[in-house]
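Commentary on secondary and tertiary structure
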Amino acid sequence: MDFDHSEKVKKLIAQLNRFMDAHVYPAEQARYDWIADHKNLWKYWPGVDDLKAKARAEGLWNLFLPHEYGDYSPGLTNLEYAPLAEIMGRVPWSSEIFNCAAPDTGNIEVLAKFGSEAQKKQWLAPLLAGDIRSAYLMTEPQVASSDATNLETSIKADGDDYVINGRKWWISGIMDPRCKLLLLMGKSNPENSRHTQHSTIIIPRETPGIHIVRNQTVFGSMNSPGGEAELRLENVRVPKSNMILGAGRGFEIAQGRLGPGRIHHCMRSIGQAQRALEIMAKRVESRVAFGKKLSDQSSIRQDVARSWCEIEQARLLTLKAADAMDKYGNKVARDLIAAIKVIAPQMAQTVTDRAIQSHGGMGVSADTPIAGFFTLNRMLRIADGPDEVHMSQLGKLKIKEFNAG
Ligand SMILES: Cc1cc2nc3c(=O)[nH]c(=O)nc-3n(C[C@H](O)[C@H](O)[C@H](O)COP(=O)(O)OP(=O)(O)OC[C@H]3O[C@@H](n4cnc5c(N)ncnc54)[C@H](O)[C@@H]3O)c2cc1C
């Protein structure tokens with residue numbers, strides 16, 4: 001493995017850092033104040049449009065998307081994109097500025113990889129242009145959805161249409177007024193074998209029959225403007241041409257959707273941990289307790305040192321996973337992908353916890369971004385597959401591998 005970034009990536013890293021310094025860090029407080037004002041609930045911060053236009057004009061756009069899907073981006077590999085995702089992760093909302101935000105990125109990959117020409121024209125084009133946003137509807141309240149074969153929402157053929165009925169919850173982004181596209185995973189072929197019963201289908205957000213039951217808070221936050229919400233789908237009717245790839249092929253699509261997304265999430269977590277550590281280092285150097293700087297306390301130095309080691313470990317492992325995905329594909333790299341999905345958010349949760357502690361009361365406030373990083377990473381240990389599910393798959397793989405002779 002080559003530990004040096006290419007010249008092309010070094011240039012992009014410098015360019016992205018300059019953009020963050022000039023436009024994103026200075027906007028953090030204004031955006032926070034705007035979002036925190038309850039009269040702005042479910043509206044998006046207006047400053048975002050200007051920043052998106054600037055980023056796009058500079059070519060800092062769709063950075064996550066490889067060239068195999070067309071000429072919409074600088075065409076980076078997973079390994080090349082990883083350090084850029086880390087930089088964006090330092091300000092979690094900033095990914096949107098560069099059209100690199102979940103769940104749009106995963107939905108873009110699905111449409112680019114599996115969509116028909118008509119589906120690409122109608123939905124992929126505006127997503128790539130950053131004109132609309134989207135949501136991914138998988139999880140259901142009544143079944144353990146970490147096992148996606150449990151999903152019950154029904155997709156039934158009726159003449160030229162499919163009719164969809166069921167419940168979904170924890171749907172990120174659905175409250176954003178710009179959300180126009182939903183990709184839903186549901187059961188279309190109950191007679192088939194367990195992994196060919198489900199399909200992924202396109203539902204325009206404005207389709208009649210989509211009811212918001214309630215908004216769901218995450219550690220007390222509404223996560224406006226995208227939010228998380230519980231939905232009831234009641235006789236939601238879409239044309240058959242909205243089926244992606246074909247009925248019963250939902251698991252194929254879900255597998256394709258999740259690999260690169262895990263690198264993105266993990267590198268962003270690493271960016272949050274790194275920034276928390278940098279903020280912590282400044283705080284402990286300037287704060288005096290019991291006659292000494294906090295940075296002179298051995299326990300504080302241990303916390304800084306341990307955090308630095310853990311961040312480096314997680315970063316190297318995630319880069320290794322990205323490299324393996326590029327060289328050998330998602331399937332061969334699935335052990336490393338499972339490992340980083342567990343390691344990176346846990347590490348970021350631990351590092352941000354130490355950074356919170358070193359700030360005293362200020363640590364749990366919104367005066368620094370650290371408390372937000374902590375809750376985000378705690379949540380990421382559940383979303384996109386809980387830790388135990390990845391561990392279980394990884395353990396099974398390794399037992400098989402070591403018994404294969
Ligand atoms: C903030 C947030 C945003 C989300 N956004 C979306 C979204 O946009 N779209 C979407 O579809 N979903 C979304 N989710 C849902 C998320 O993907 C699910 O919560 C997750 O997959 C777990 O499913 P579940 O909640 O049904 O938990 P369950 O399947 O009920 O599992 C509960 C717990 O059981 C344990 N467990 C499960 N399997 C095993 C095992 N094999 N071994 C040991 N223990 C096990 C784990 O501890 C797990 O956390 C989001 C969740 C959150 C919190």
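Relevant structure appears above.
Predicted model only: the values in this text are computed from it and were never measured.

Once that is clear, we can look at the pairing of strand β4 (residues 179-187). In terms of residue burial, β4 counts as a mostly covered element, since 7 of its 9 residues are buried. One ladder, built from 5 bridges, connects strand β1 (residues 133-137) with β4; its direction is parallel. Note that in β4 the partner of Leu137 across the bridge is Leu184. Here β4 runs beside strand β5 (residues 198-204); their pairing, made up of 7 bridges, is antiparallel. Paired with Met185 across the strands is Thr200, a residue of β5.

Right, let's get into the nonpolar core. Judged by nonpolar contacts, the single largest core of 81 residues is most densely connected at Leu63, Tyr81 and Phe98. At 12 residues, the largest contribution of residues to this core is made by helix α7 (residues 250-286). Contacts of Tyr81, omitting those with residues within four sequence positions, involve Leu63, Phe64, Leu76, Met88, Cys100 and His264. Residues Tyr162, Ile203, Leu233 and Met243 belong to the second largest nonpolar core, which totals 21 residues.

With that out of the way, let us pick up the site of the ligand. Around the ligand, a shell composed of 21 residues is seen, among which Tyr136, Met138, Thr139, Ser146 and Trp170 lie nearest. Residue Ser146 places a side-chain N or O atom 2.5 Å away from an oxygen atom belonging to the ligand. Here an oxygen atom of the ligand and a side-chain polar atom of Glu388 are 3.0 Å apart. Looking at the shell around the ligand, the elements with two or more residues in it are β1, β3 (161-172) and α11 (387-403). Sort the elements by how many residues they give to the shell around the ligand and β3 lands first, with 3 residues. When the residues that make up the shell around the ligand are grouped by side-chain class, the tally is 13 nonpolar, 5 polar and 3 charged.

Another point: the packing of helix α4 (residues 78-89) against helix α8 (residues 298-328). It is at 8 Å that the axes of α4 and α8 come closest, and there the two elements cross at 145°. On α8, the residues touching Asn78, Leu79, Ala82 and Glu86 of α4 are Arg315, Leu319, Ala322, Asp323, Met325 and Asp326. Residues belonging to the contact of α4 with α8 are distributed by class as follows: 5 nonpolar, 1 polar and 4 charged.

Definitions and limits used
- Residues numbered from 1 in each chain as written.
- Predicted model: local features only at pLDDT ≥ 70, side-chain atom pairs only at ≥ 80, totals over all residues.
- Heavy atoms only, no water.
- Buried < 20%, exposed > 50% of the residue type's maximum accessible area, 1.4 Å probe, protein only.
- Helix = DSSP H or I, 4+ residues; strand = E, 2+ residues; numbered from the N terminus.
- Pairing = 2+ DSSP bridges.
- Core = buried A, V, L, I, M, F, W, Y, C linked by side-chain atoms within 4.5 Å.
- Contact = heavy atoms within 4.5 Å.
- Near = heavy atom within 4 Å.
- Polar contact = N/O pair within 3.5 Å; in protein donor to acceptor, adjacent residues only side chain to side chain.
- Nonpolar A, V, L, I, M, F, W, Y, C, P; charged D, E, K, R; others polar.
- Axes fitted to C-alpha atoms, helices over the stretch in contact; angles between N-to-C directions.

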